[in-house]
Amino acid sequence: KDDGMLDRLGMISGCGTGYVGYFMNNMEKAAKFYGFNREKRKQIVLTTFEGAIRHLLETGISFEKLVEEVATPGGITQKVIKNLEKKRYFATLKASIDQGYYKVQKIARNLERAEKAVISGKLY
């Protein structure tokens, strides 16, 4: 509806592929510590994401419901997720995305100033 909404969409969707790639890269690094070779690590991570996405698309469940389905109370997945929460994973992710949004806003302000300068005949 407006440029601000487009900027916010870009922070989630436009940049999101990079965030997912970053998360996948770190999952692959973790798999390395568990002794998997490079080819197997990549296959494990890709298959994990593919399976999760396929399940979400086929069932129509929410992301939160997917977590509930997988994170058995007292189980391994729940332990990992609780540790991520303890380490403030969401807060860190949100603050990081906010930094990108601030950068987008700064770029937009600079472009506005440059446009006004060109229109008024003044160049920086």
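In what follows, the structure referred to is the one given above.
Quick caveat: nothing in here was measured; it's all calculated off a predicted structure.

Student: I'd like a description of the side chain of R41, backed by residues and values.
Tutor: Mapping R41 onto the fold places it in helix α3 (residues 38–59). Excluding residues within four positions of it along the chain, R41 makes contact with E28, A31, K32 and F36.

Student: Break down the packing of aromatic side chains for me, with residues and values.
Tutor: By the definition in use, this model includes two aromatic pairs. Between the aromatic rings of F23 and F49, the centroid separation amounts to 6.2 Å while the plane-to-plane angle is 65°, which identifies the pairing as edge-to-face. Taken as a pair, F23 in helix α2 (residues 16–33) and F49 in helix α3 lie far apart in primary sequence, 26 residues in all. When the centroid spacing of 6.4 Å and the interplanar angle of 70° are considered together, the rings of F23 and Y89 count as edge-to-face. Taken together, the positions of F23 in helix α2 and Y89 in helix α6 (residues 89–120) put the pair 66 residues apart, joining distant regions of the chain. A residue is classified by how much of its surface remains accessible, and F23, at 34% relative accessible area, is partly exposed.

Scoring rules and cut-offs
Residues numbered from 1 in each chain as written. Predicted model: local features only at pLDDT ≥ 70, side-chain atom pairs only at ≥ 80, totals over all residues. Heavy atoms only, no water. Helix = DSSP H or I, 4+ residues; strand = E, 2+ residues; numbered from the N terminus. Contact = heavy atoms within 4.5 Å. Phe/Tyr/Trp six-rings, centres within 6.5 Å; stacked < 30°, edge-to-face > 60°. Buried < 20%, exposed > 50% of the residue type's maximum accessible area, 1.4 Å probe, protein only.

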